[in-house]
Amino acid sequence: MSSYSHHTTGSGSRTARRTFEFGRTHVVRPKGKHQATIVWLHGLGDNGSSWSQLLESLPLPNIKWICPTAPTRPVALLGGFPCTAWFDVGELSEDGPDDWEGLDASAAHIANLLSTEPADVEVGIGGFSMGAAISVYSATCCALGRYGNGNPYSINLRAVVGLSGWLPGSRNLRNKIEGSHEAARRAASLPILLSHGNCDDVVPYKYGEKSANSLSIAGFRQLTFKSFDGLGHYTVPREMDEVCNWLTGRLGLEGSRA
């Protein structure tokens, strides 16, 4: 699962085949009793190492953090310049094309990282910016029970966090969820925390807000949307405090009481 092939089709035949390798994965071991494992995803051009250092400093002794690094690929938004990216992205807009193949490959890579966790450990996904987009996309795969390509999604996520991100693949999400009792049930019970700064000049606040609305309308009832006054496209301690409190409550972590 460390790489995948990207096919471009023309006149019915495969014309190109590109393989993108996922980078290094950094793991932060729990300092206390291991109760939860969360894969945390970095933003465009970043790597797993920088977030692992921040996460290690949080007062969450019961969480094991897994911080993978995205593949290096040409990114349309940057005029084809190659950098670490979970999927290809052009302009950020409601009707921009979604790189379904890239989304599915990254979501599958993350699910694979969680698939070997012990049965009594809760699992979740979080991320920043483009990493948040993949976290939220994974939440939709979890609810639907399948990836965009139809393959089964088998991880039972118990918490999803998205900071300064957006929801890719939002078109028809409500119809897909409402078309299945199981999907509707899973969507209604999956806790999601979305957080966005209202001064974000990279992923505009309105996209974060619209994504939260789309998820709500699609039946994700355990959704919390936090807006932060004056916050740009970065994170601050008061935002991470919210994340810590939310995770502790949602996952029933013992924390420092243990």
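Before any of the text, the structure's been laid out above.
Read on for an overview of the structure. (Residues numbered from 1 in each chain as written. Predicted model: local features only at pLDDT ≥ 70, side-chain atom pairs only at ≥ 80, totals over all residues. Heavy atoms only, no water.)

Across the interface, helix 2 (residues 100-114) lies against helix 3 (residues 130-144) with an axial gap of 10 Å and an inter-helix angle of 80°. Taken together, the axes of helix 2 and helix 3 lie roughly perpendicular to each other. Together, Trp100, Leu103, Asp104, Ser106, Ala107 and Ile110 of helix 2 and Ile134, Tyr137 and Ser138 of helix 3 make up the contact between the two elements. For the contact of helix 2 with helix 3, the residue count by class is six nonpolar, two polar and one charged. (Axes fitted to C-alpha atoms, helices over the stretch in contact; angles between N-to-C directions. Helix = DSSP H or I, 4+ residues; strand = E, 2+ residues; numbered from the N terminus. Parallel < 35°, antiparallel > 145°, perpendicular 65-115°, else oblique. Contact = heavy atoms within 4.5 Å. Nonpolar A, V, L, I, M, F, W, Y, C, P; charged D, E, K, R; others polar.)

As enumerated under the stated definition, the model contains eight aromatic pairs in all. Ring centres of Trp40 and Trp65 lie 6.1 Å apart, and the angle between their planes is 75°; on these two criteria the pair is classed as edge-to-face. Separated by 25 residues along the polypeptide, Trp40 in strand 4 (residues 36-41) and Trp65 in strand 5 (residues 63-67) bring together distant segments of the chain. Both residues of the pair, Trp40 and Trp65, belong to the buried class. A centroid spacing of 6.1 Å and a plane angle of 65° characterise the contact between Phe87 and Trp166, whose relative ring orientation is edge-to-face. Of this pair, Phe87 sits in the loop between strand 7 (81-84) and helix 2 while Trp166 sits in the loop between strand 9 (159-163) and helix 4 (173-178), placing them 79 residues apart in sequence. Under the relative-accessibility criterion, Phe87 is labelled buried at 3%. By relative accessible area, which is 14% here, Trp166 ends up buried. Put simply, the rings of Trp40, Trp51, Trp65 and Phe128 touch in pairs and so form one group of aromatic residues. (Phe/Tyr/Trp six-rings, centres within 6.5 Å; stacked < 30°, edge-to-face > 60°. Buried < 20%, exposed > 50% of the residue type's maximum accessible area, 1.4 Å probe, protein only.)

Let us now look at helix 3. With 15 residues, helix 3 extends 21 Å from end C-alpha to end C-alpha; this agrees with the ideal 21 Å at 1.5 Å per step. Counting buried positions along helix 3 gives 15 out of 15 residues, so the element sits mostly inside the fold. Looking one or two places after helix 3, you find Gly145, whose phi comes out positive at around 80°. (Expected span 1.5 Å × (residues − 1).)

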